[in-house]
Amino acid sequence: RGSNTLARIELFLGGDAVMERKKSLRLQAEGENARPVLLAGDVGGTNCRLILFETRDLKFQSDRAVHRNVFQNDDFRSFSDVLCRFLSEADSKIPNLRISVACFAVAGPVSDQRINFTNRDGWIIDARDLQSDFDIPSVILINDFVANGHGLSTLEDEDLIVLQEGKLDKFAPIALIGAGTGLGECFITPAAGKHQLAGVYATEGGHVDFAPRNPLEDKMLQYIREKVPHHAEDKNTVPRVSVERIVSGKGLVTIYEFLRTEFPDEVMSNFDTEIMESNDKGRHIAMSYYNYSLSKRAMDIFFESYGSEAGNVALKFMPFGGLYIAGGIAPKNVEHIVGQGSRFMDAFSSKGRVRSILDGIPVYLVMKEDIGMRGAHFVALNELRSQSQRIRSSPSIEAALASKKTQVVSALKAVNNSLSKSFTDYSALWALGTSVLTSGLFAIYITKTLTKALKQ
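Quick look at the structure, then.

Definitions and cut-offs
- Residues numbered from 1 in each chain as written.
- Predicted model: local features only at pLDDT ≥ 70, side-chain atom pairs only at ≥ 80, totals over all residues.
- Heavy atoms only, no water.
- Helix = DSSP H or I, 4+ residues; strand = E, 2+ residues; numbered from the N terminus.
- Buried < 20%, exposed > 50% of the residue type's maximum accessible area, 1.4 Å probe, protein only.
- Contact = heavy atoms within 4.5 Å.
- Areas by Shrake-Rupley, 256 points an atom, 1.4 Å probe, with all protein chains shown as cover.
- Expected span 1.5 Å × (residues − 1).
- Arc of directions from axis to C-beta.
- Core = buried A, V, L, I, M, F, W, Y, C linked by side-chain atoms within 4.5 Å.
- Pairing = 2+ DSSP bridges.
- Axes fitted to C-alpha atoms, helices over the stretch in contact; angles between N-to-C directions.
- Polar contact = N/O pair within 3.5 Å; in protein donor to acceptor, adjacent residues only side chain to side chain.
- Salt bridge = Lys/Arg side-chain N within 4 Å of Asp/Glu carboxyl O.

What to know about the overall build of the protein
Phase 1: Scanning the protein from N- to C-terminus turns up 15 helices and 13 strands.
Phase 2: The burial tally for the protein puts 44% of its 456 residues in the buried class.
Phase 3: Nonlocal contacts in the protein, meaning residues at least 24 apart in sequence, comprise 71% of its contacts between residues at least 6 apart.
Phase 4: Working note: accessible area of the protein is about 23,700 Å², and carbon and sulfur atoms make up 52% of it.

Dropping the structure here:
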């Protein structure tokens, strides 16, 4: 795979620290008092969130995490350096640490359990490298929005706001759309049975073409076309503009920048300066919604576009199992989404002659912002359960038990012969006493033998 992960970690820690850590991990894993944990991670372009959970915690509860931390990616040369720092912290805090399964939700496409962060030099994550470098039996990489899809399985009723009741069909597909740094979309097929993973399928729906719905948005589309790069393969067409360039954190800023050029007389210098000089422009636009007309216009266009795309997703997947609105933006702006009169829901339903179809689809707003981490934990937990099932059904275990069964049967025959001889040579009372004593001792022997076999 061409990576030099151990060398990088060795540089990070210095000297033989890597080998010492691997030796330490191996001894912990082999020790009788090893403490098994699950590692879940949410690896984005800006930071990494990592959490260790007890394997016995079947429900996601971040407040019960064994150890957790957030790292800024700019401070590290590779993800392996981040993981090494995190596990070194955990080693000092948790005696006999042993990671049974790790699952990382990563911001980008995963191919053959490998991802290359093209915008971050040296950040190549390979699940097999992490397994060998950190002595973790199983490492899984999943796309971050696939993790969001799995995370829906962990939500309670109180984690959701019902935007539209619809007619729920638990056997129908589920769809998920979420705006944050970008715009993610996926669809989900129900799990086949209890404790099984649902089928979650990532899409690139956020990159479909943006369709303006009024003359002002026509002008905005032309404005954005002049700003975006024109790809060589599209030289015979005008530059295309994806929905994500409008429905995302950066998209909100783009909308505002268009409006300040389209309506210069409405620019209020105090608000405009605060927005344009901020490192978090979108936040300042949202905060000035009720006091600044251009911020209000920008937010209204944003949530109309968001609702319209949510309606497009509903028409594509017919998710009568539920359409979920997630991501970092929605929970912070509930007032722009909730209610049939909201700009979001009006745009969602405004689909002409097929509006009646959308009226039957249940729509939910997800109030939790950690469903990616929840999904990574859920996948790791499912892998641990699968490991346990594989061990129980392993041919080697079956053979070991069969061998022990043969030994037990032989021993029972020997005891039976001994008891028969006792009845012949000695009195019945002596034989009865011997029988009781031998049976008790042999019951202990059988218990210890089978327990040892199962451990092996």
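Side note on helix α7 (residues 249–262)
Phase 1: Counted at 1.5 Å a residue, the expected span for α7 with its 14 residues is 20 Å, and the 21 Å between its end C-alpha atoms agrees.
Phase 2: Three or more residues of α7 are buried, namely G251, L252, V253, T254, I255, Y256, F258 and L259.
Phase 3: Looking at the buried positions of α7, the neighbouring elements they touch are α6 (215–225), α8 (269–276), α9 (281–287) and α10 (293–317).

Notes on α8
Phase 1: Of all the positions in α8, only F271, D272 and I275 are classed as buried. Down the axis of α8, the smallest arc covering the buried residues is 95°, so these residues share one side.
Phase 2: Looking at the packing, one finds that the buried side of α8 touches α7, α9 and α10.

What to know about the nonpolar core
Phase 1: Ranked by size, the top nonpolar core spans 48 residues in total, and within it Y306, L323, I325 and F344 carry the most contacts.
Phase 2: For this core, the elements supplying multiple residues, two or more each, are β9 (174–179), α6, α7, α8, α10, β12 (323–326), α11 (343–349) and β13 (363–366).
Phase 3: It is α10 that provides the largest number of residues to this core, a total of ten residues.
Phase 4: In contact with Y306, other than residues within four places in its own chain, are I177, G178, A179, V247, I325, A326, A330 and F344.

With respect to the sheet that holds β9
Phase 1: The six strands lie next to each other as β8-β13-β12-β9-β10-β11, forming an open sheet whose pairing is mixed. At either margin of the open sheet sits one strand with a lone partner, and together these are β8 (160–164) and β11 (199–202). On average, adjacent strands in this sheet sit at an angle of 25° to one another, irrespective of strand direction.
Phase 2: The pairing of β8 with β13 spans four bridges and is antiparallel. In the sheet register, Q164 faces β13, and the bridge partner there is V363.
Phase 3: Against the sheet, α10 engages β9, β10 (183–189) and β12, with an angle of about 155° to β9.

Focus on the side chain of H284
Phase 1: Structurally, H284 can be placed in helix α9.
Phase 2: A distance of 3.3 Å separates polar atoms of two side chains, one belonging to H284 and the other to S278.

A look at the pattern of salt bridges
Phase 1: Evaluated as defined, the whole model comprises 14 salt bridges.
Phase 2: Between R77 and D81 there is a salt bridge whose closest N-O contact spans 3.6 Å.
Phase 3: Here E304 makes a salt bridge to R343, at a shortest N to O gap of 2.5 Å. Of the two residues, E304 sits in helix α10 while R343 sits in helix α11, which places them 39 residues apart along the sequence.
Phase 4: Overall, the relative accessible area of 16% leaves E304 in the buried class.
Phase 5: We classify R343 as partly exposed; its relative accessible area is 38%.

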